[in-house]
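# Notes for the structure review
So you can see what is in the structure, the chains are spelled out below.
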Amino acid sequence: MADGRPIIFSGIQPTGRKHLGNFIGAIRQYVEGQDRGDPAIFCVVDLHSISVPYEPADLRERVLDTAAILLAAGLDPERCIFFRQSDVREHTELTWLLSAVTSHGDLDRMTQFKEKSGRARELASAALFYYPVLMAADVLAYRATEVPVGDDQRQHVELMREIARRFNARFGEVLVVPELVLPEVGARIMDLQEPERKMSTTGGTEAGTVLVLDDEKTIRKKVGSAVTDSGREVRAAPDKPGVTNLIDILAVARGTGRAEIEREFDGLGYGDFKRAVADGVVELLAPVRERYEELRPDEAGLEATLAAGAEKARAIAAATLVDVRERMGFG
Ligand code: TRP
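These numbers were taken from a predicted model, which means no experiment stands behind them.

## A word on the overall build of the protein chain
- Along the protein chain, the regular secondary structure elements total 13 helices and 5 strands.
- Whereas a compact globule of 331 residues would reach a radius of gyration of roughly 20 Å, the protein chain reaches 21 Å, a difference of no more than 12%.
- When its C-alpha atoms are laid out on the principal axes, the protein chain stretches across 70 × 45 × 40 Å.
- Contacts in the protein chain between residues at least 24 apart in sequence constitute 74% of all its contacts with a sequence separation of at least 6.
- Accessible area of the protein chain: about 15400 Å², with a carbon and sulfur share of 51%.
- A gap of 3 Å separates the mean positions of the 43 positive and 54 negative side-chain charges of the protein chain.

Quick look at the structure:
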């Protein structure tokens, strides 16, 4: 960060079911971040996946799906460090070391743990409980200054900041306290069928969730059947969550603001408007899907890209671990 450029780190869950909300809120931010960050580091967080029931063979496939989606969207391994979390063992080692300055109470307060463990708290894996410590290790291993994540990860970032502060207070100034970076406005993309809730592959509706890899026909069908609101005005307003969401989506696809969209569709009906939104989403996602189809079959190529990224990542993380181990009194 010699010339004041940030060290950016973010992690993304391995799933091939990335949706429009992920694309707008996270993936586009990563692509933009790779020229701002020095370096920008992006990681497919497969170690986090074992905190809930999973299939090993499936996990490997989903990592490759995710890698191909991110590369298709414009991540360039020449301009960023892109790797698979489990390839860099420093993440797991640092997790254990940071647990010395993390309290049981800290982890017990995490809302994601409460939500994901639900009523079966006693049966939830210890990995689910430990998830935030691994996430802290991900970021702190690179002494990252910026962490771009969705609002749902705010509490985890606050905890990693606290862990870094406590570590530095106890063992000496070794770690960097990172800043949370939330996506710009317009990044809260809502479910097309239930526009009061965020678009999500786990909690949302199937028809209301546009996947990055949906084909054109599917996209047109989902956008065409999106819930609008009573009235016929294309106007963003709190009592028009459906229309507001579509306006935001089109504004992002076109690279303009809400006002321009409202002006353009002033006096036109929802039919014209929805067709324009569908066109916009198709234009946004079709090139990504096409590129994905080219990249995904080349598993050896994807593995080689991830391995090269892991090597660059390891060089940075290993240096941090040398300092951490030394301060903590290890050999
Ligand atoms: N928990 C994050 C999510 O669900 C993913 C993640 C893991 C992450 N490690 C990270 C994000 C480090 C930012 C930094 O979205």
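Now, onward.
## Remarks on the packing of helix H3 (residues 56–73) against helix H13 (residues 299–328)
- Running from amino to carboxyl end, H3 crosses H13 at an angle of 80°, the nearest separation of the two axes being 10 Å. When the interaxial angle is binned, H3 and H13 end up roughly perpendicular. Judged by residue contacts, Arg60, Glu61, Val63, Leu64, Ala67, Ala68 and Leu71 of H3 engage Glu299, Leu302, Glu303, Thr305 and Leu306 from H13.
- For the contact of H3 with H13, the per-class residue count stands at 7 nonpolar, 1 polar and 4 charged.

## Focus on the site of the ligand
- Around the ligand there are 13 residues in total, and Gln13, Tyr131, Met135, Asp138 and Gln153 lie nearest to it.
- Gln13 is positioned such that a nitrogen or oxygen atom in its side chain is 3.1 Å from an oxygen atom of the ligand.
- For the ligand, a nitrogen atom lies 2.7 Å from a polar atom in the side chain of Asp138.
- When residues of the shell around the ligand are traced back to their parent elements, those giving at least two are strand S1 (8–12) and helix H7 (126–140).
- Considering each element in turn, the shell around the ligand owes the most residues, 4 residues, to H7.
- Within the shell around the ligand, the residues separate by chemical class into 7 nonpolar, 5 polar and 1 charged.

## A closer look at the pairing of strand S2 (residues 40–44)
- The element S2 is extensively covered by neighbouring structure, given that 5 of its 5 residues are classed as buried.
- The two faces of S2 match: Ala40, Phe42 and Val44 on one face and Ile41 and Cys43 on the other face are all buried.
- Read from S1 through helix H1 (residues 20–36) to S2, the crossover connection turns out right-handed.
- With 4 bridges joining them, S2 and strand S3 (residues 81–84) adopt parallel strand pairing. Bridging across to S3, Cys43 finds its partner in Phe83.

## A closer look at the environment of Glu233
- Relative to the helices and strands, Glu233 is located in the loop between helix H9 (216–224) and helix H10 (241–254).
- Distance from Glu233 to Asp266, taken between C-alpha atoms, is 7.3 Å for residues 33 residues apart in sequence.
- Apart from residues lying up to four places away in sequence, Glu233 is in contact with Lys240, Val243 and Tyr270.

## Description of the packing of aromatic side chains
- A complete count under the given rule lists 6 aromatic pairs for this structure.
- Note on Phe167 and Phe171: the rings are 4.9 Å apart at their centroids and 45° apart in plane angle, and the pair reads as tilted. On the criterion of helical spacing, the pair formed by Phe167 and Phe171 is a turn pair, its members being 4 residues apart in helix H8 (residues 154–171).
- Phe167 gets classed as buried once you look at its relative accessible area, which sits at 0%.
- A relative accessible area of 15% places Phe171 in the buried class.
- Aromatic ring contacts, followed pair by pair, group Phe9, Phe83 and Tyr142 into a single cluster.

## Re the domain arrangement of the protein chain
- Here the domain parsing of the protein chain yields domain 1 (8–187 + 299–328) and domain 2 (216–293).
- Computed from C-alpha atoms alone, the centre-to-centre distance between domain 1 and domain 2 is 32 Å.
- Each partner contributes residues to the interface: domain 1 has 10 residues there, and domain 2 has 8 residues.
- In total, about 870 Å² of surface goes out of reach between domain 1 and domain 2, with carbon and sulfur atoms giving 82% of it.
- Ranking the residues of domain 1 by area buried against domain 2 places Leu20, Phe23 and Ala72 at the top, with a combined share of 50%.
- Summed over the shared surface of domain 1 and domain 2, the number is 0 salt bridges.
- Our enumeration of links across domain 1 and domain 2 arrives at 1 residue pair in polar contact (both at pLDDT 80 or more).
- Of all the secondary structure elements, the ones that give two or more residues to the side of domain 1 that touches domain 2 are H1 and H3.
- The element contributing the most residues to the side of domain 1 that touches domain 2 is H3, with 5 residues.
- Of the residues belonging to the side of domain 1 that touches domain 2, the class tally is 7 nonpolar, 1 polar and 2 charged.

Calculation rules
Residues numbered from 1 in each chain as written. Predicted model: local features only at pLDDT ≥ 70, side-chain atom pairs only at ≥ 80, totals over all residues. Heavy atoms only, no water. Helix = DSSP H or I, 4+ residues; strand = E, 2+ residues; numbered from the N terminus. Rg over C-alpha atoms; globule rule 2.2 N^0.38 Å. Contact = heavy atoms within 4.5 Å. Areas by Shrake-Rupley, 256 points an atom, 1.4 Å probe, with all protein chains shown as cover. Lys, Arg positive; Asp, Glu negative; His and termini not counted. Charge placed at Lys NZ, Arg CZ, Asp CG, Glu CD. Axes fitted to C-alpha atoms, helices over the stretch in contact; angles between N-to-C directions. Parallel < 35°, antiparallel > 145°, perpendicular 65-115°, else oblique. Nonpolar A, V, L, I, M, F, W, Y, C, P; charged D, E, K, R; others polar. Near = heavy atom within 4 Å. Polar contact = N/O pair within 3.5 Å; in protein donor to acceptor, adjacent residues only side chain to side chain. Buried < 20%, exposed > 50% of the residue type's maximum accessible area, 1.4 Å probe, protein only. Right-handed = clockwise from strand over helix to strand, strands pointing away. Pairing = 2+ DSSP bridges. Phe/Tyr/Trp six-rings, centres within 6.5 Å; stacked < 30°, edge-to-face > 60°. Domains from an automatic or database assignment. Buried area = accessible area lost by both parts, 1.4 Å probe. Salt bridge = Lys/Arg side-chain N within 4 Å of Asp/Glu carboxyl O.

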